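Observations on the three-dimensional arrangement
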Amino acid sequence: MPELPEVETVRRGLASAMEGEVLARVTLNRPDLRFPFPPSFIERLQGRRLIAMGRRAKYLLAELDDGLLLAMHLGMTGSFRVRAPGAGSPDTVTSHYYHERNAESLHDHVRFDLGSGMTITYNDPRRFGFMTLVEAGGLDSHPLFRGIGVEPLSNAFDGVTLSRLMAGKSTPLKAALLDQTLIAGLGNIYVCESLHRARLSPRRMAGTLARKDGGPTARAERLSTMIRDVLNEAVEAGGSSLRDYRHTDGALGTFQHGFRAYDREGEPCTTPSCRGMIRRIVQSGRSTFFCAECQR
């Protein structure tokens, strides 16, 4: 599944192509993706102007001029192809995962024709992605969004917030950080990287980030800073290309070249003065990469 930096990269690519544009025509090539399209999907979108392309956790949110939100999730293999007007215009790809089969029209499921003549095509070979509509003002109460936690790149996320979320929890720290009801959009890669930079063990109890009075420990302050730093660096790098991920200009995301822990089993730890090695363990069915020497 895409993590927050990959979805943010897609958001930026779609924003540059779609913001301010009228959805002149909407075409569905099948009645469903992971879930059926909502009733009157085409009728409610067609003719509306897209005001802003936003993001909540791992969802893309297209805000229309009547307040309606088009919520989109990429699933595992979803991608958007952007084609400029004019015959023979090359496609650019806005995706967290791109494979040769994404270019096959067989997997083109949704097409947006914009007033400018540009076309946006959603392609998804495995169809784990989906699209739905959220009524104006109804995002916080919608079943998909009402349980989502704080955005880690928002001003609301700091050591105080992190310690409050972790207080009293006996679960492993990594598992708590992956809980989307606590923190939105964090995934396996960036949690491993953040914990390594903060020198915190993924196996330590999450509650140890809070003092007895509920206030933040130095660990909480350090980890909240590292989470923000890692995510911001990954967004600027265009995400991580673990398969064939590409962003709008066709370039590969590059953050994977700077991994300090993730997928580095058996390699030396990169923390200065540490002589440990990166280990791999399994937590809740997911691979965890960390250094037992400097992550405590």
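Note that this is a predicted model, so its numbers are computed, not measured.

The rules behind the values
- Residues numbered from 1 in each chain as written.
- Predicted model: local features only at pLDDT ≥ 70, side-chain atom pairs only at ≥ 80, totals over all residues.
- Heavy atoms only, no water.
- Buried < 20%, exposed > 50% of the residue type's maximum accessible area, 1.4 Å probe, protein only.
- Helix = DSSP H or I, 4+ residues; strand = E, 2+ residues; numbered from the N terminus.
- Salt bridge = Lys/Arg side-chain N within 4 Å of Asp/Glu carboxyl O.
- Axes fitted to C-alpha atoms, helices over the stretch in contact; angles between N-to-C directions.
- Parallel < 35°, antiparallel > 145°, perpendicular 65-115°, else oblique.
- Left-handed = near helix turned anticlockwise from the far one by under 90°.
- Contact = heavy atoms within 4.5 Å.
- Nonpolar A, V, L, I, M, F, W, Y, C, P; charged D, E, K, R; others polar.
- Expected span 1.5 Å × (residues − 1).
- Pairing = 2+ DSSP bridges.
- Polar contact = N/O pair within 3.5 Å; in protein donor to acceptor, adjacent residues only side chain to side chain.
- Core = buried A, V, L, I, M, F, W, Y, C linked by side-chain atoms within 4.5 Å.
- Lys, Arg positive; Asp, Glu negative; His and termini not counted.

For the rest of this paragraph, the subject is unusual backbone geometry. Leaving glycine aside, a negative phi is the common case for residues, and trans is the common case for peptide bonds. The backbone phi angle of R127 is positive, close to 55°, even though this residue is not glycine. R127 gets classed as partly exposed once you look at its relative accessible area, which sits at 31%. Look at R199: it is not a glycine, yet its phi comes out positive at around 60°. The topology assignment puts R199 in the loop between α5 (188-198) and α6 (218-236).

This part is about the pattern of salt bridges. One pass over the structure, following the stated rule, counts 15 salt bridges. One continuous salt-bridge network, built from bridges that share partners, spans E8, R11, R12, R55, R56, E151 and E236.

This brings us to the packing of α5 against α6. Across the interface, α5 lies against α6 with an axial gap of 8 Å and an inter-helix angle of 130°. Looking at the two axes, α5 sits oblique to α6. Crossing of α5 against α6: the hand is right-handed. On α6, the residues touching Y190, E193, S194, L195, R197 and A198 of α5 are R222, L223, M226, I227, D229, V230, L231, E233 and A234. Here the residues of the contact of α5 with α6 are counted per class, giving nine nonpolar, one polar and five charged.

Another point: α6. Taking 1.5 Å of rise per residue, the 19 residues of α6 would be expected to cover 27 Å, and the 27 Å separating its terminal C-alpha atoms lies within 8% of that figure. Contacts from the buried residues of α6 go to α1 (4-18), α3 (159-166), α4 (173-177) and α5. Two residues or fewer after α6 comes G238, characterised by a positive phi angle close to 80°.

Taken in spatial order, the four strands make up an open sheet running β2-β3-β4-β9, and their pairing is antiparallel. A strand with exactly one partner marks an edge of an open sheet, and here the two such strands are β2 (50-56) and β9 (130-134). Neighbour-to-neighbour, the strand axes of the sheet open up by a mean angle of 20°, direction not taken into account. Pairing of strand β4 (residues 69-73) with β9, which is carried by five bridges, proceeds in the antiparallel orientation. The residue bridging L70 from the neighbouring strand is L133, located in β9.

So, on to the environment of E193. With respect to the helices and strands, E193 occurs in helix α5. Residues E193 and V230 lie 37 residues apart in sequence; the distance between their C-alpha atoms is 7.2 Å. A distance of 2.8 Å separates a polar side-chain atom of E193 from the backbone nitrogen of Y262.

Attention now goes to the pairing of β9. The element β9 is largely enclosed, with a buried count of five among its five residues. Burial along β9 is two-sided: F130, T132 and V134 facing one way and M131 and L133 facing the other are all buried.

Turning our eyes to something else, we now look at the nonpolar core. The nonpolar side chains of a soluble globular protein tend to be buried, and buried together. One finds L162, M166, L173, L177, I183 and L223 to be the most contacted residues of the largest nonpolar core, which totals 35 residues. Those elements giving two or more residues to this core turn out to be α3, α4, α5, α6 and β11 (286-291). L173 has contacts with M166, L195, L200, S201, P202, R204, A206, L209 and L223, leaving out every residue within four places of it along the chain. By size, the runner-up hydrophobic cluster in this structure holds 31 residues, among which are L14, L74, M131 and L133.

With that settled, the discussion passes to the packing of α3 against α6. When two helices pack together, their arrangement is given by the angle between their axes and by how far apart the axes lie. Taken N-terminus to C-terminus, the directions of α3 and α6 make an angle of 115°; their axes are 8 Å apart at the nearest point. Judged by the inter-axis angle, α3 sits roughly perpendicular to α6. By crossing handedness, the relation of α3 to α6 is classed as right-handed. Between α3 and α6, the contacting residues are G159, V160, L162 and S163 on the first element and A220, E221, L223 and S224 on the second. Across the contact of α3 with α6, the residue classes tally to four nonpolar, three polar and one charged.

Another point: the side chain of D124. Structurally, D124 can be placed in the loop between β8 (119-123) and β9. For the buried residue D124, which engages in no salt bridge, the nearest side chain bearing the opposite charge is R126, 7.2 Å off. One polar contact links D124 to T77, side chain to side chain, over a distance of 2.6 Å. The contact partners of D124, leaving out residues within four places of it in the chain, are L74, T77, G78, H107, H109 and G129.

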